[in-house]
Amino acid sequence: MRVCVIGAGIAGALLAWRLSDRVEVDLVTGSAGTDATAASGGGVRGFETHPVQRRLAIESLSELFEGLQEKAGYTETGCTYLLPSYAGLEAAVAEVEHAHPGSTEIVDGTDLRRRGWHGLPDGTVGVLEKRAGFIRPDQLRTAVIQRLADSRSSRVLAGPVLRLVPHPDGSVSCRLPASSHRYDVVVVAAGPWTPGLLTGSALPAQPYRTKAIQVATYRVTGALPTMFVDETSDLYGRPTADGRLLLGVDTHHWSVNPGSSRPIPDLADQAVRIAAERLPHLKLSAPDLMVSNADCYADPPVLTLWSVLGSSHRLYTFTGGSGGSVKTALAASRTAASDLIGTSRTTTSRTENKRMTITEPGPQRGTPRYHTIGIGAGPSNLSLAALYQNATTEPLALFDARPGTGWHTPLLYPGVRMQTGWMKDLVSLVDPRHELTFLNYLVTSGRLYALINSQFDSLPRIEYERYLAWATERLGVVHFTSRVDSISITDDGFEVSVDGVPAAVSEHLVLGLGTRPVRPAYITELPAERAFIADDLGVRMAALDTAAPTAVVGGGQTGLECVLRLLGSGFTDIRWLGRNQWFRSIDDSPMANELYRPSHIEYLQGLNRGKRREMIDDSRYSGDAITPGGLRALYQANYDGMLTLGRFPVTLLPGRDVRTSELLADGNIRLCCTTTSTPEEHVVRQMVVAAGREHVEAPFDDDLRERIEVDDDGQLLVEPDYSVRWKGMNGHRIYTFNASRYSHGLTNAGLTQLPVRAAIVLNSMFEREIYPISDELCAVRW
């Protein structure tokens with residue numbers, strides 16, 4: 001059995017050390033530089049409010065006292081944990097006291113004041129521990145890595161890992177800068193790098209998020225306190241070995257870049273201000289040293305194994321202790337190692353594709369509640385989530401059926417280009433200073449100059465998908481592998497169910513369900529390996545005959561991309577059939593682009609429904625067509641093919657509407673088409689169908705569906721603010737993207753106005769102008 005542990009922080013190093021006595025282990029280090037282990041304050045104690053984290057902390061403290069103090073650089077300071085009293089606190093403290101007799105007690109506010117604490121809210125109590133203090137996690141980590149390097153059963157490899165590749169047999173390959181290795185088991189323990197590595201490998205990254213951590217040390221006049229955590233103010237600190245005071249305060253800065261060391265303005269001042277209120281007898285100097293970094297957080301905040309792809313693959317994560325890995329890593333690594341090599345489990349376990357933590361008996365937690373739930377995590381809802389993040393602290397969650405980030409992934413291959421410019425990203429049109437701009441993605445990923453110098457007329461679509469994955473990881477609000485199968489309205493708001501089980505409740509609902517490919521009836525009876533939709537071309541193409549007549553049905557952008565891919569793969573007899581009288585290219589003129597401005601959307605709202613529909617149909621080819629550059633590429637490649645073959649490898653057949661098909665006795669396929677004159681038949685060996693896409697309907701339950709108001713065509717009635725008209729809303733609103741073509745025009749489903757649409761929804765949802773939408777400098781008077 002060969003195991004790879006990715007990440008040489010305290011958690012990964014200890015896990016590799018635990019495993020090295022039983023199996024062959026490779027520990028892969030990350031990029032050089034200070035990580036969360038090196039930046040950690042190293043606090044260790046037994047008391048935690050979360051029951052599993054508390055159990056791990058108690059066990060870790062016991063192991064530390066059994067002979068690791070010197071190796072870990074343990075210094076005992078005692079600990080004061082300030083928090084509001086809660087039911088079960090005495091039992092929790094008794095657990096710590098049972099493991100370390102005479103160490104732990106609860107004191108009230110009067111006792112805390114005698115100990116120098118002031119300004120605490122009424123009802124605050126303190127959990128005091130004598131056997132607590134801090135270690136030097138970097139020192140312990142270094143010692144463990146040295147043992148691994150000296151062992152015959154383990155190796156320490158220089159990273160970072162560039163990509164993870166799961167294989168059908170459950171094994172996983174790790175691609176490093178200079179090599180690739182295949183393992184029976186891979187555990188990602190890369191701390192804040194974990195979400196990015198997973199999303200960059202097209203794997204689900206929930207439930208992980210990155211968060212900034214920042215501490216500073218001060219020279220102090222006055223009696224130093226014990227190590228402390230003040231839940232009432234988010235302040236924490238400890239004395240240092242040289243008599244100074246280390247202070248930090250919870251940053252609440254999420255989605256920061258791994259390895260980030262940029263100081264957060266005013267955070268040190270905030271810590272000093274709170275310390276002056278809580279411990280007024282202390283006089284602090286200016287900070288001597290400030291350390292900023294990022295750590296990985298998860299819910300629940302427990303360091304445990306998580307199965308990334310379920311029981312079919314042996315790929316796990318081991319991170320997300322939410323800043324508490326140092327306190328719990330000894331016990332958590334022992335438990336994780338036992339799980340991996342099949343011995344008894346004590347604290348945590350795994351279930352298919354879910355994070356599982358065994359908690360103590362007690363009242364069940366209710367269904368999670370959010371202010372807003374979005375169904376689907378495509379560009380529309382990601383844009384909403386990005387702007388929402390900067391507008392409010394109310395919780396939001398997106399639910400998506402996919403196992404990880406992606407955007408029309410089966411249709412992404414080299415050469416495919418976007419139909420919109422890069423400035424029309426998730427946020428820039430309304431908030432160009434937002435951290436999730438495409439420009440910031442280019443800069444932070446180090447690809448700005450390479451992309452600029454490549455002089456693309458149109459952005460590669462693969463690049464846009466990677467931008468979406470980058471933004472998704474930083475938002476940290478997407479629940480993947482969560483297919484919503486029911487939406488109902490209750491007294492508490494909207495309730496969404498996943499796999500028949502209530503998963504969340506919210507005040508408001510936003511539908512961003514996107515589209516799915518149309519599967520025409522005429523391919524249902526044909527051999528699936530030779531007649532399939534465009535989404536399946538990537539997996540079917542290797543089995544096709546490059547010399548046989550091949551039909552591509554569908555005259556839009558996807559049809560063109562299929563033709564180009566076949567042509568580039570050596571196919572020499574391609575018949576491209578389209579229903580329209582010519583393969584239309586997009587009108588990208590200045591006047592056509594006026595249709596994609598907020599002022600035109602506003603103009604459409606003032607028209608009656610019939611006139612609005614007429615205008616939208618008339619202007620459809622400003623967007624529902626083929627990029628001119630794509631047609632040019634086809635014509636040039638087709639001409640090059642003619643010079644080699646003596647004939648064109650691609651025959652363009654516009655004005656053909658395929659109605660039926662027939663499988664012939666010789667295995668060929670006959671396509672029957674209508675034309676403007678006489679019917680036609682075309683005989684081919686294989687065919688790819690790109691017949692467009694259709695909107696995905698929301699899974700409303702019967703009661704809610706009956707309340708939704710629709711027009712004469714059965715389509716949702718959508719207001720100018722993208723809200724759906726429905727009966728009995730009682731303050732709860734439903735918004736929809738991609739389902740209002742004949743009320744909002746061509747911008748309804750495209751990417752050109754993503755942030756504008758999201759801003760309109762947020763302004764409506766919160767009933768104030770959070771994001772001004774100004775489009776007054778317009779030469780056109782509609």
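Just above sits the structure.
Quick caveat: nothing in here was measured; it's all calculated off a predicted structure.

Undergrad: Run through the overall build of the protein, naming residues and quoting values.
TA: A count of helical and extended segments in the protein gives 23 helices and 39 strands. What you see for the protein is a C-alpha radius of gyration of 30 Å, in line with the 28 Å of a compact globule of 782 residues. By principal-axis analysis of the C-alpha atoms, the protein measures approximately 95 × 65 × 50 Å. Counting the 782 residues in the protein, one finds 53% classified as buried. Summing over all exposed atoms, the protein offers an accessible surface of approximately 34800 Å²; the carbon and sulfur share of this is 49%.

Undergrad: An account of the pairing of strand S36 (residues 680-684) is requested, with residue identities and associated values reported.
TA: Where strand S35 (residues 669-674) lies against S36, five bridges are found, and the strand directions are antiparallel. Among the inter-strand pairings, isoleucine 669 is bridged to a residue of S36, identified as valine 684.

Undergrad: Tell me what's going on with the environment of glutamate 97, and back it up with residues and numbers.
TA: Relative to the assigned elements, glutamate 97 resides in helix H5 (residues 89-99). Spatially, the C-alpha atoms of glutamate 97 and alanine 331 are 18 Å apart, while their sequence positions differ by 234 residues. Residues in contact with glutamate 97, not counting those within four places in the same chain, are Gly102, Ser103 and Thr104.

Undergrad: How would you sum up the sheet that holds strand S7 (residues 124-129)? Please name residues and give values.
TA: Strands sit in the order S6-S7-S5-S16-S17-S18-S14-S20 across an open sheet of eight strands; the sheet is mixed. The open sheet has two edge strands with one neighbour each: strand S6 (104-107) and strand S20 (289-297). The average undirected angle you get between the axes of adjacent strands in this sheet is 20°. Across four bridges, the pairing between strand S14 (residues 209-218) and strand S18 (residues 245-249) is antiparallel. Counterpart to threonine 217 in the pairing with S18 is leucine 246. Across the sheet, H5 is in contact with S6 and S7; its angle to S6 comes to roughly 155°.

Undergrad: Explain empty space enclosed by the protein residue by residue, including any values.
TA: Within the structure shown, the criterion is met by four cavities of 30 Å³ or more. Taken as a whole, the largest cavity holds about 80 Å³ of empty space. Around the largest cavity, the lining is made up of 13 residues, and of these Val44, Ser60, Ile135, Val326 and Leu330 lie nearest the centre. Residue assignment for the lining of the largest cavity shows that the elements contributing at least two residues are helix H1 (10-20), helix H3 (51-64) and helix H10 (325-340). Residues belonging to the lining of the largest cavity are distributed by class as follows: eleven nonpolar, one polar and one charged.

Undergrad: How would you sum up the state of the cysteines? Please name residues and give values.
TA: Across all of its chains, the model carries zero disulfides by this definition. Take cysteine 4: it sits in no disulfide, and the sulfur closest to it among the cysteines is that of cysteine 174, at 4.0 Å. Take cysteine 4: its relative accessible area is 0%, and that puts it in the buried class. With no disulfide partner, cysteine 672 has as its closest neighbouring cysteine sulfur the one in cysteine 673, 7.2 Å distant.

Undergrad: Pulling in residues and values, what's your account of the pairing of strand S13 (residues 185-188)?
TA: Alternating positions in S13 separate into two faces, Val185 and Val187 on one and Val186 and Val188 on the other, with burial throughout. Alignment of strand S1 (residues 2-6) against S13, held across four bridges, turns out to be parallel. When the sheet's bridge partners are listed, isoleucine 6 is paired in S13 with valine 188. Both S13 and strand S22 (residues 315-319) contribute to a ladder of three bridges, which runs parallel. Paired with valine 187 across the bridge in S22 is tyrosine 316.

Undergrad: Now, about the pattern of salt bridges: what can you tell me, with residues and values included?
TA: Throughout the structure, instances matching the rule amount to 30 salt bridges. Here arginine 369 and glutamate 507 are joined by a salt bridge, their closest N and O atoms 2.5 Å apart. With a gap of 138 residues between them, arginine 369 in strand S23 (residues 369-375) and glutamate 507 in strand S28 (residues 501-511) connect regions that are remote in the sequence. One salt bridge in this structure joins arginine 474 and glutamate 473, with 3.0 Å as the shortest N-O distance. Glutamate 473 gets classed as buried once you look at its relative accessible area, which sits at 6%.

Undergrad: An account of the nonpolar core is needed here, citing residue identities and associated values.
TA: Membership of the largest hydrophobic core comes to 46 residues, with the highest contact counts inside it found for Leu384, Leu387, Leu398, Leu426, Tyr464, Tyr467 and Tyr771. Elements with a minimum of two residues in this core: helix H11 (379-389), strand S24 (396-399), helix H12 (438-444), helix H13 (448-454), helix H14 (461-475) and helix H23 (754-765). If one sorts the elements of this core by residue count, H23 sits on top with eight residues. Counting residues in each nonpolar core, the second largest holds 44 residues, with Ile135, Ile145, Val187 and Phe318 among its members.

Undergrad: I'd like a rundown of the sheet that holds S35, residues and numbers included.
TA: One open sheet accounts for three strands, arranged S34-S35-S36; its pairing is antiparallel. Two strands close off the open sheet at either side, each with one partner strand: strand S34 (657-663) and S36. On average, each strand axis in the sheet is tilted by 25° relative to the strand beside it, whichever way the strands run. Alignment of S34 against S35, held across six bridges, turns out to be antiparallel. Bridging across to S35, aspartate 657 finds its partner in threonine 674.

Undergrad: Would you mind going over the packing of aromatic side chains in detail, with residue names and values included?
TA: Tallied over the full model, the rule gives 14 aromatic pairs. Judged by centre distance (5.0 Å) and plane angle (85°), the ring pair of phenylalanine 47 and tyrosine 81 falls under edge-to-face. Taken together, the positions of phenylalanine 47 in the loop between strand S3 (43-44) and H3 and tyrosine 81 in strand S5 (residues 79-84) put the pair 34 residues apart, joining distant regions of the chain. Residue class for tyrosine 81 comes out buried when judged on its relative accessible area of 5%. Ring centres of tyrosine 722 and phenylalanine 737 lie 6.1 Å apart, and the angle between their planes is 55°; this geometry places the pair in the tilted category. Placement of tyrosine 722 in the loop between helix H21 (702-707) and strand S39 (734-736) and of phenylalanine 737 in the loop between S39 and helix H22 (741-744) is noted, with a sequence separation of 15 residues between them. Owing to a relative accessible area of 1%, tyrosine 722 belongs among the buried residues under this scheme. An aromatic cluster is built from Phe438, Tyr441, Tyr464, Tyr467 and Trp470, whose rings are joined through pairwise contacts. Sitting over the ring of phenylalanine 65, arginine 131 keeps its end group 3.7 Å from the ring centre.

What counts and how
- Residues numbered from 1 in each chain as written.
- Predicted model: local features only at pLDDT ≥ 70, side-chain atom pairs only at ≥ 80, totals over all residues.
- Heavy atoms only, no water.
- Helix = DSSP H or I, 4+ residues; strand = E, 2+ residues; numbered from the N terminus.
- Rg over C-alpha atoms; globule rule 2.2 N^0.38 Å.
- Buried < 20%, exposed > 50% of the residue type's maximum accessible area, 1.4 Å probe, protein only.
- Areas by Shrake-Rupley, 256 points an atom, 1.4 Å probe, with all protein chains shown as cover.
- Pairing = 2+ DSSP bridges.
- Contact = heavy atoms within 4.5 Å.
- Axes fitted to C-alpha atoms, helices over the stretch in contact; angles between N-to-C directions.
- 1 Å grid on protein atoms, 1.4 Å probe; cavity = no way out; pocket = protein on both sides within 12 Å on 5 of 7 lines; lining within 4 Å.
- Points joined across faces, edges and corners; volume = space filled by probe spheres on them.
- Nonpolar A, V, L, I, M, F, W, Y, C, P; charged D, E, K, R; others polar.
- Disulfide = S-S within 2.5 Å.
- Salt bridge = Lys/Arg side-chain N within 4 Å of Asp/Glu carboxyl O.
- Core = buried A, V, L, I, M, F, W, Y, C linked by side-chain atoms within 4.5 Å.
- Phe/Tyr/Trp six-rings, centres within 6.5 Å; stacked < 30°, edge-to-face > 60°.
- Lys NZ or Arg CZ within 6 Å of the ring centre and 35° of its normal.

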